[in-house]
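Here is how the chains run, residue by residue.
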Amino acid sequence: MLEQEAGGKSGMAASAIEIRGLVKTYAGGRHGPEKHALKGIDLDIPQGSVFGLLGPNGAGKSTLINILAGLVVKTAGQVTIWGFDQDRNPRQSRASIGVMPQELNLDPFFTPREALEVQAGLYGVPRRERRSDAILRLVGLEDKAEAYARTLSGGMRRRLLLAKALVHHPHILVLDEPTAGVDIELRAMLWENIRRLNREGMTIILTTHYLEEAEEMCDEIAIINEGAVVARDSTARLLDRLDGRRMILTPDAPVTALPEGRGIEAAHHADGTIEITYRARETPAESVLEAVRAAGIKIRDLRIEQADLQDVFLDLTRSRAG
Ligand code: ADP
Ligand code: MG
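Worth saying up front: this structure is predicted, and the values here are computed from it rather than measured.

Parameters and conventions
Residues numbered from 1 in each chain as written. Chains lettered and ligands numbered in written order. Predicted model: local features only at pLDDT ≥ 70, side-chain atom pairs only at ≥ 80, totals over all residues. Heavy atoms only, no water. Salt bridge = Lys/Arg side-chain N within 4 Å of Asp/Glu carboxyl O. Helix = DSSP H or I, 4+ residues; strand = E, 2+ residues; numbered from the N terminus. Buried < 20%, exposed > 50% of the residue type's maximum accessible area, 1.4 Å probe, protein only. Near = heavy atom within 4 Å. Polar contact = N/O pair within 3.5 Å; in protein donor to acceptor, adjacent residues only side chain to side chain. Areas by Shrake-Rupley, 256 points an atom, 1.4 Å probe, with all protein chains shown as cover. Nonpolar A, V, L, I, M, F, W, Y, C, P; charged D, E, K, R; others polar. Donors = N, O, S within 2.8 Å, 3.2 Å for Na, K, Ca; no water. Contact = heavy atoms within 4.5 Å. Axes fitted to C-alpha atoms, helices over the stretch in contact; angles between N-to-C directions. Parallel < 35°, antiparallel > 145°, perpendicular 65-115°, else oblique. Left-handed = near helix turned anticlockwise from the far one by under 90°. Pairing = 2+ DSSP bridges. Patch = residues over 30% accessible without salt bridge, like charges linked within 9 Å, V, L, I, M, F, W, Y side chains within 5 Å.

Undergrad: Tell me what's going on with the pattern of salt bridges, and back it up with residues and numbers.
TA: In a structure, side chains of opposite charge can pair up when their charged atoms sit close to one another. Tallied over the full model, the rule gives 17 salt bridges. Linking Asp-133 and Arg-113 is a salt bridge whose minimum nitrogen-to-oxygen distance equals 2.5 Å. In this pair, Asp-133 is assigned in helix H4 (residues 132-138) and Arg-113 in helix H3 (residues 112-122), connecting sequence segments 20 residues apart. With a relative accessible area of 40%, Asp-133 lands in the partly exposed category. One network of salt bridges, with partners in common, ties together Arg-113, Asp-133 and Glu-146.

Structure representation (structure tokens):
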């Protein structure tokens, strides 16, 4: 079982992680200019949640996570992990968090069991508290406990990285793009493990650029774009914003009347197609089709476009500008 007492000052830490004014500027290389990867992030991540950091490639997700993990040094700002200030209590803050990195960086000469023992040693986990076998079982690597890492498949390496993140019983587990390039079976296994750990009390933070994945797994989501948080909400409320659909019809014959109905907005394009926008939750596609038939339109071709991450960004930046 996990202990859930908050560290730092006495009393409960309301948040698993508190980030204030976090800035990361990578120094420019010989040819490139400096890179403002994080431009002043404020973020609270509640205890016990499955929290998603969502954003396109280059948004700054890994930079943020690697700062939490102590792998990247921040330029400015304050990070508090499980009540421990990262600068004032580096040891305790590091002990509170386990990170499964995006890159598959493993020592090729260690077996999974050795890798876990070394990791446990690094984190100062006493021998009697180590549970390498249980962790290997959890990630389905018990058969590979004595195999060299270089003989493991990509999926097995990823599972070993998850196992390594768990050796010191962290309160918070961070996963950077856990399912990028992962097959369906491994993905299902990862999600099952993550759900179980969360049920047992672990706070989970994961990054992804797959919207569906964030929808399925996360209670709350922060959307990051170009080093800034552009939205932070419960998944349900965020989905409400993403509920828009566009149905694009090619009619069989010229159209005289546009479809009408509650929640339906229709427009005629110059190329003869009709674009209907609606909200999928309130107005199922079937109702839209009924309105189309009621307007006497025969459909030759049809496609439906959903809002994707890009639309959300556009929507968010638009509503900010306006
Ligand atoms: P994400 O994980 O969301 O794809 P990253 O945090 O990896 O984003 O990268 C954010 C930005 O910082 C990108 O423009 C990336 O090229 C840049 N960046 C990341 N790491 C470094 C580095 N070590 N040196 C210079 N620039 C970097
Ligand atoms: Mg990344």
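From this point, the narrative continues.
Undergrad: Give me the lowdown on the site of ligand 1, citing residues and values where you can.
TA: Around ligand 1 sit Tyr-26, Lys-35, Ala-37, Pro-56, Asn-57, Gly-58, Ala-59, Gly-60, Lys-61, Ser-62 and Thr-63, and those are all the residues in its vicinity. In this structure, an oxygen atom belonging to ligand 1 sits 2.8 Å away from a side-chain N or O atom of Lys-61. Side-chain polar atom of Thr-63 to an oxygen atom of ligand 1: 2.5 Å apart, as the coordinates give it. Here ligand 1 loses 62% of its free accessible area of 560 Å² to cover by the protein chains. Looking at the shell around ligand 1, the elements that each hand over two or more residues are strand E2 (35-46) and helix H1 (61-68). It is H1 that contributes the most residues to the shell around ligand 1, 3 residues altogether. In the shell around ligand 1, the residues fall into 4 nonpolar, 5 polar and 2 charged.

Undergrad: Can you break down the coordination of the magnesium ion (ligand 2) residue by residue, with the values?
TA: Bound to the magnesium ion (ligand 2) on the protein side are Ser-62 (OG) and Gln-102 (OE1), at distances that span 2.1 to 2.3 Å. Remark: Gln-102 occurs in the loop between strand E6 (97-100) and H3 and Ser-62 occurs in helix H1; sequence separation between them is 40 residues. Judged by relative accessible area, Ser-62 falls into the partly exposed class, the value being 22%.

Undergrad: Requested: an account of the side chain of Gln-86, with residues and values cited.
TA: Among the structural elements, Gln-86 can be located in the loop between strand E5 (84-85) and helix H2 (90-95). Note on Gln-86: relative accessible area 13%, which makes it buried. At 2.7 Å, the side chain of Gln-86 and the backbone oxygen of Ile-67 are in polar contact. Gln-86 has contacts with Ile-67, Leu-68, Gly-70, Lys-74, Val-79, Ile-81 and Ser-93, leaving out every residue within four places of it along the chain.

Undergrad: So what about the packing of H3 against helix H5 (residues 154-166)? Which residues, and what values?
TA: Their axes nearest at 9 Å, the elements H3 and H5 cross at an angle of 30°. On the basis of their axis angle, the class for H3 and H5 is roughly parallel. With respect to the hand of their crossing, H3 and H5 are arranged in right-handed fashion. Where H3 approaches H5, its residues Pro-112, Ala-115, Leu-116 and Gln-119 are matched on the opposing element by Leu-160, Ala-163 and Lys-164.

Undergrad: Would you mind going over the pairing of E6 in detail, with residue names and values included?
TA: With burial as the criterion, each face of E6 is covered, one bearing Ile-97 and Val-99 and the other bearing Gly-98 and Met-100. Bridge count for E6 against strand E7 (residues 172-176) is 4 bridges, and the pairing is parallel. Residue Met-100 lies in a different strand from E7, and its bridge partner there is Leu-175.

Undergrad: Break down a nonpolar patch on the surface for me, with residues and values.
TA: Residues Ile-299, Leu-302 and Ile-304 make up a contiguous nonpolar surface patch of about 220 Å² in total accessible area. In this structure, Ile-299 sits in strand E14 (residues 299-306).

Undergrad: With reference to specific residues and values, describe the environment of Ala-214.
TA: For Ala-214, the position within the fold is in helix H7 (residues 211-217). Residues in contact with Ala-214, not counting those within four places in the same chain, are Leu-54, Thr-208, Ile-221 and Thr-235.

Undergrad: Kindly report on the sheet that holds strand E10 (residues 228-234), identifying the contributing residues and their values.
TA: The strand order across the open sheet built from 6 strands is E6-E7-E8-E3-E9-E10, with neighbouring strands paired in mixed fashion. Only two strands of the sheet have a single partner each, and these edge strands are E6 and E10. This sheet shows a mean twist of 15° between the axes of neighbouring strands, independent of strand direction. Bridge analysis of strand E9 (residues 220-225) against E10 gives 6 bridges, and the strand direction is antiparallel. The residue of E10 that forms the bridge with Ile-221 is Asp-233. Of the strands in this sheet, E6 and E7 are in contact with H5, which crosses E6 at around 170°. This element, helix H6 (residues 184-199), spans strand E3 (50-54), E7 and strand E8 (203-208) of the sheet and lies at about 150° to E8.

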